[in-house]
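Understanding the architecture of this molecule
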Amino acid sequence: LLGLRLPFRVGAKTRAVFPEVVSVRQIYRQLLRWAATGGYPRHISETPQEYFYALADLLPELQEDLDFITHQYVRTRYGASLPTEDELHQLRRSWHNVKQNHLKERREI
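Small disclaimer: the values here were computed from a predicted structure and weren't measured.

Re the side chain of glutamine 72
Within the element layout of this structure, glutamine 72 appears in helix H3 (residues 63–78). Those residues in contact with glutamine 72 that lie beyond four places of it in its chain are Val24, Pro83, Glu87 and Leu91.

Digging into the confidence of the model for the protein chain
Fine structural detail should not be taken from predicted coordinates in areas where pLDDT scores are low. Summarising the model, the protein chain shows a mean pLDDT of 85, and 80% of its residues fall at 70 or more. Taking the mean pLDDT of every element in the protein chain, the minimum, 93, falls on helix H1 (residues 19–37) and the maximum, 96, on helix H4 (residues 85–99).

Points about H1
Here H1 is 19 residues long and its end C-alpha atoms lie 27 Å apart, about the 27 Å a rise of 1.5 Å per residue gives. Residues Val21, Ser23, Val24, Ile27, Tyr28, Leu31, Trp34 and Ala35 constitute the buried set of H1. The buried residues of H1 occupy an angular sector of 170° when the element is viewed end-on, so they sit on one face. Among the exposed residues of H1, those oriented more than 90 degrees off its buried face are Pro19, Arg33 and Thr37. Where H1 is buried, its residues touch helix H2 (48–58), H3 and H4. Two residues or fewer past H1, glycine 39 is found with a positive phi of approximately 100°.

Some remarks on the packing of H3 against H4
Packing of H3 against H4 leaves a shortest axis separation of 9 Å and a crossing angle of 135°. On the basis of the axis angle, H3 is oblique to H4. Of the two possible hands of crossing, H3 and H4 adopt the one that is left-handed. Packed against H3, whose contacting residues are Asp65, Leu66, Phe68, Ile69, Gln72 and Arg75, the element H4 presents Glu87, Gln90, Leu91, Ser94, Trp95, Asn97 and Val98 at the interface. When grouped by side-chain class, the residues that make up the contact of H3 with H4 number 6 nonpolar, 4 polar and 3 charged.

The rules behind these values
Residues numbered from 1 in each chain as written. Predicted model: local features only at pLDDT ≥ 70, side-chain atom pairs only at ≥ 80, totals over all residues. Heavy atoms only, no water. Helix = DSSP H or I, 4+ residues; strand = E, 2+ residues; numbered from the N terminus. Contact = heavy atoms within 4.5 Å. pLDDT = per-residue confidence, 0-100. Expected span 1.5 Å × (residues − 1). Buried < 20%, exposed > 50% of the residue type's maximum accessible area, 1.4 Å probe, protein only. Arc of directions from axis to C-beta. Axes fitted to C-alpha atoms, helices over the stretch in contact; angles between N-to-C directions. Parallel < 35°, antiparallel > 145°, perpendicular 65-115°, else oblique. Left-handed = near helix turned anticlockwise from the far one by under 90°. Nonpolar A, V, L, I, M, F, W, Y, C, P; charged D, E, K, R; others polar.

This is the structure we're talking about:
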């Protein structure tokens, strides 16, 4: 056991995160916060894609923007690619379009 290294030891180096990754994650977190404030939080067991379908049902006119934001997040978070400058620009435009809208009120049946 003495030869084992602890991955979370004090002073351990952390990996640098690319600014493009930070931008994508930040926009996705803003989307999560916006939807949660509107009464539609993402459930802990819900995948980003499942959450996209739930939001797209509520806002079908924003389906393309929601899909782009979700796709970029999944690709950046779980894939090995960075978004291009054009994709980051489109991501910001999509987020701007989404946040201009209001979620429909939740109706309990």
